[in-house]
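These are the residues of each chain, in order.
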Amino acid sequence: MILNVMISMLELVKDSRMRQAFCGVLEKCSRAVNVYFTNWEKCPFPRMSESQFCDKILPLYCHVTSNWLTCEELELKRAIIKALGPMMSILLHKKEQQNQIFKEISWLLEQYKEEIDVFHVTQSLSQVLEVSGEYKIPLPKGKFQAICSALHNQICSPAKQLSIENHKELFHCVLLLTRSSPDELLAFLHEQLEIKHEAVRVVSLDLLRAIVGADLQLPIPQGLLVRLLVVASSPYEREGHGCAALQLLKALHQNIHAAVGEMWVVKIPSLLQFIEVPKNISGDDRRQCLEQPDDP
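Since the model is a prediction, treat every value here as computed from it, not as a measurement.

Overview of the environment of Cys62
1) Next: Position of Cys62 relative to the elements: it lies in helix 3 (residues 50-67).
2) Next: For Cys62 and Gln100, which are 38 residues apart along the polypeptide, the C-alpha to C-alpha distance reads 9.7 Å.

If you want it as structure tokens, here you go:
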């Protein structure tokens, strides 16, 4: 009933303040529909299908995305972003609308570059990823990579101080991507670890730790690789299994990926040498230990 009234009002919503209020109502209605999807059996009324709700939301979504996305007012843009996530989550249930929804993800990612509270961007993205993962709706490969890059850049960026809530939501999005496509996500993080930039590598390792800590039940090869990389990145923690982890990575390199063979054969011995020098030795003394030739 409310959605029917909102559709009839679309042409009357002209100024920025009315549009902002309209988006607020649209957000709440869309959130309620998503709650209904997961709890419909508790509702005393006859069940409405996902398709019926999609047909109601679609004209509202199309009007907002066709006419309001170019707005300059920050408050209105924030209201639009907050409404988009729940609406997109509903429309993903209808196969005919999925390509349109995936296309609009690009606009959401662009908002990370704007001077707005980007937490709402991450939150809307998270809502879409949750539905995509839960209902096994695969993201197009190019879109998957774009989302990974945007999330990683947000965590790495020194330009913006991340709020605690946005930091948690960004990591949550990465975990959702891992659940839906572990191979692609781990391949992306592997690429980031090869970049010669400390902040990028640190963030990538933090994300790997989060994946391990979340116990996502990754397939055995991916799960083993992630755990070994995390242990090797903090070689002195707990019982100090860093050397063992590196040695196992070196032994298994052909089983992990053919491309890492030559690099790991060269790099891992020097890393092992570094770790095996007692950690209480530093500065010039440590350098001298590392430069000493092995005993014949």
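Some details on a negative patch on the surface
1) Next: Among the surface-exposed residues, Glu72, Glu73, Glu114 and Glu115 lie close enough to one another that they form a single negatively charged patch.
2) Next: If you trace the backbone, Glu115 turns up in the loop between helix 5 (98-110) and helix 6 (119-134).

Some details on unusual backbone geometry
1) Next: For Lys136, which is not glycine, the phi torsion reads 55 degrees and is therefore positive.
2) Next: Assignment of secondary structure puts Lys136 in the loop between helix 6 and helix 7 (141-156).

Topic: the packing of helix 2 (residues 16-39) against helix 3
1) Next: Running from N to C, helix 2 and helix 3 cross one another at 155 degrees; their axes reach a closest spacing of 12 Å. Comparing their axes, helix 3 and helix 2 come out roughly antiparallel. Relative to helix 3, the crossing made by helix 2 is left-handed. Across the interface between the two elements, Arg19, Phe22, Leu26, Ser30, Val33, Tyr36 and Phe37 from helix 2 touch Glu50, Phe53, Ile57, Leu60, Val64 and Asn67 from helix 3.
2) Next: Class assignment for the residues of the contact of helix 2 with helix 3 results in nine nonpolar, two polar and two charged.

Points about the nonpolar core
1) Next: By size, the foremost hydrophobic cluster in this structure holds 87 residues, and its most contacted members are Ile80, Ile105, Tyr112, Ile147, Leu151, Leu177 and Leu208.
2) Next: Ranked by the residues each element gives to this core, the list is headed by helix 4 (residues 74-91), at 10 residues.
3) Next: Among residues more than four places away in sequence, those in contact with Leu177 are Leu129, Leu139, Phe144, Ile147, Cys148, Leu151, Pro182 and Leu185.

Concerning the packing of helix 2 against helix 4
1) Next: Relative orientation of the contacting elements helix 2 and helix 4 amounts to 25 degrees, with a least axis distance of 8 Å. One element, helix 2, and the other, helix 4, form an angle in the roughly parallel class. Of the two elements, helix 2 crosses helix 4, and the hand of that crossing is left-handed. Residues Ser16, Arg19, Gln20, Cys23, Leu26, Glu27, Ser30, Arg31, Val33, Asn34 and Phe37 of helix 2 form the contact with helix 4, whose participating residues are Glu75, Leu76, Ala79, Ile80, Lys82, Ala83, Pro86, Met87, Ser89 and Ile90.

Looking at helix 4
1) Next: Its 18 residues give helix 4 an end-to-end C-alpha distance of 25 Å, which sits within 8% of 26 Å, the value for a rise of 1.5 Å per residue.
2) Next: Residue Leu84 marks the point of greatest curvature in helix 4, where the axis turns by about 25 degrees; the proline Pro86 follows within four residues.
3) Next: Extensive coverage of helix 4 is indicated by the burial of 14 of its 18 residues.

Brief notes about the packing of aromatic side chains
1) Next: Inspection of every chain in the model, using the stated rule, returns three aromatic pairs.
2) Next: Relative to Trp68, the ring of Phe22 lies with its centre 5.9 Å away and its plane at 80 degrees, an arrangement referred to as edge-to-face. Remark: Trp68 occurs in the loop between helix 3 and helix 4 and Phe22 occurs in helix 2; sequence separation between them is 46 residues.
3) Next: A relative accessible area of 1% places Trp68 in the buried class.
4) Next: Centroid distance Phe37 to Phe53: 5.7 Å. Interplanar angle 75 degrees. Geometry classified as edge-to-face. With Phe37 in helix 2 and Phe53 in helix 3, the pair connects residues that are 16 residues apart, well separated along the chain. For the pair shown, Phe37 and Phe53 are each scored as buried.
5) Next: Taken together through their ring pairs, the aromatic side chains of Tyr36, Phe37 and Phe53 make up a single cluster.

A look at the confidence of the model for the protein
Detailed reading of the predicted coordinates is not advisable wherever pLDDT falls low.
1) Next: Across the protein, the average pLDDT comes to 83, with 81% of residues at 70 or higher.
2) Next: Averaged pLDDT values for the elements of the protein fall to 51 in helix 15 (residues 283-291) and rise to 96 in helix 4.

Quick word on a nonpolar patch on the surface
1) Next: Side chains of Val5, Met9 and Leu12 sit close together on the surface and give an oily, nonpolar patch of about 260 Å² of accessible area.
2) Next: Positionally, Met9 belongs in helix 1 (residues 2-9).

Comments concerning the pattern of salt bridges
1) Next: Tallying each qualifying case throughout the model produces six salt bridges.
2) Next: Here Glu110 makes a salt bridge to Lys113, at a shortest N to O gap of 3.3 Å.
3) Next: For Asp206, the salt bridge identified is with Arg209, shortest N-O distance 3.1 Å. You can see Asp206 and its partner Arg209 sitting in helix 10 (residues 198-213), three residues apart, about one turn around the helix.

Calculation criteria
- Residues numbered from 1 in each chain as written.
- Predicted model: local features only at pLDDT ≥ 70, side-chain atom pairs only at ≥ 80, totals over all residues.
- Heavy atoms only, no water.
- Helix = DSSP H or I, 4+ residues; strand = E, 2+ residues; numbered from the N terminus.
- Patch = residues over 30% accessible without salt bridge, like charges linked within 9 Å, V, L, I, M, F, W, Y side chains within 5 Å.
- Areas by Shrake-Rupley, 256 points an atom, 1.4 Å probe, with all protein chains shown as cover.
- Salt bridge = Lys/Arg side-chain N within 4 Å of Asp/Glu carboxyl O.
- Lys, Arg positive; Asp, Glu negative; His and termini not counted.
- Charge placed at Lys NZ, Arg CZ, Asp CG, Glu CD.
- Axes fitted to C-alpha atoms, helices over the stretch in contact; angles between N-to-C directions.
- Parallel < 35°, antiparallel > 145°, perpendicular 65-115°, else oblique.
- Left-handed = near helix turned anticlockwise from the far one by under 90°.
- Contact = heavy atoms within 4.5 Å.
- Nonpolar A, V, L, I, M, F, W, Y, C, P; charged D, E, K, R; others polar.
- Core = buried A, V, L, I, M, F, W, Y, C linked by side-chain atoms within 4.5 Å.
- Buried < 20%, exposed > 50% of the residue type's maximum accessible area, 1.4 Å probe, protein only.
- Expected span 1.5 Å × (residues − 1).
- Bend = angle between axes of the 7 residues up to and from the residue.
- Phe/Tyr/Trp six-rings, centres within 6.5 Å; stacked < 30°, edge-to-face > 60°.
- pLDDT = per-residue confidence, 0-100.

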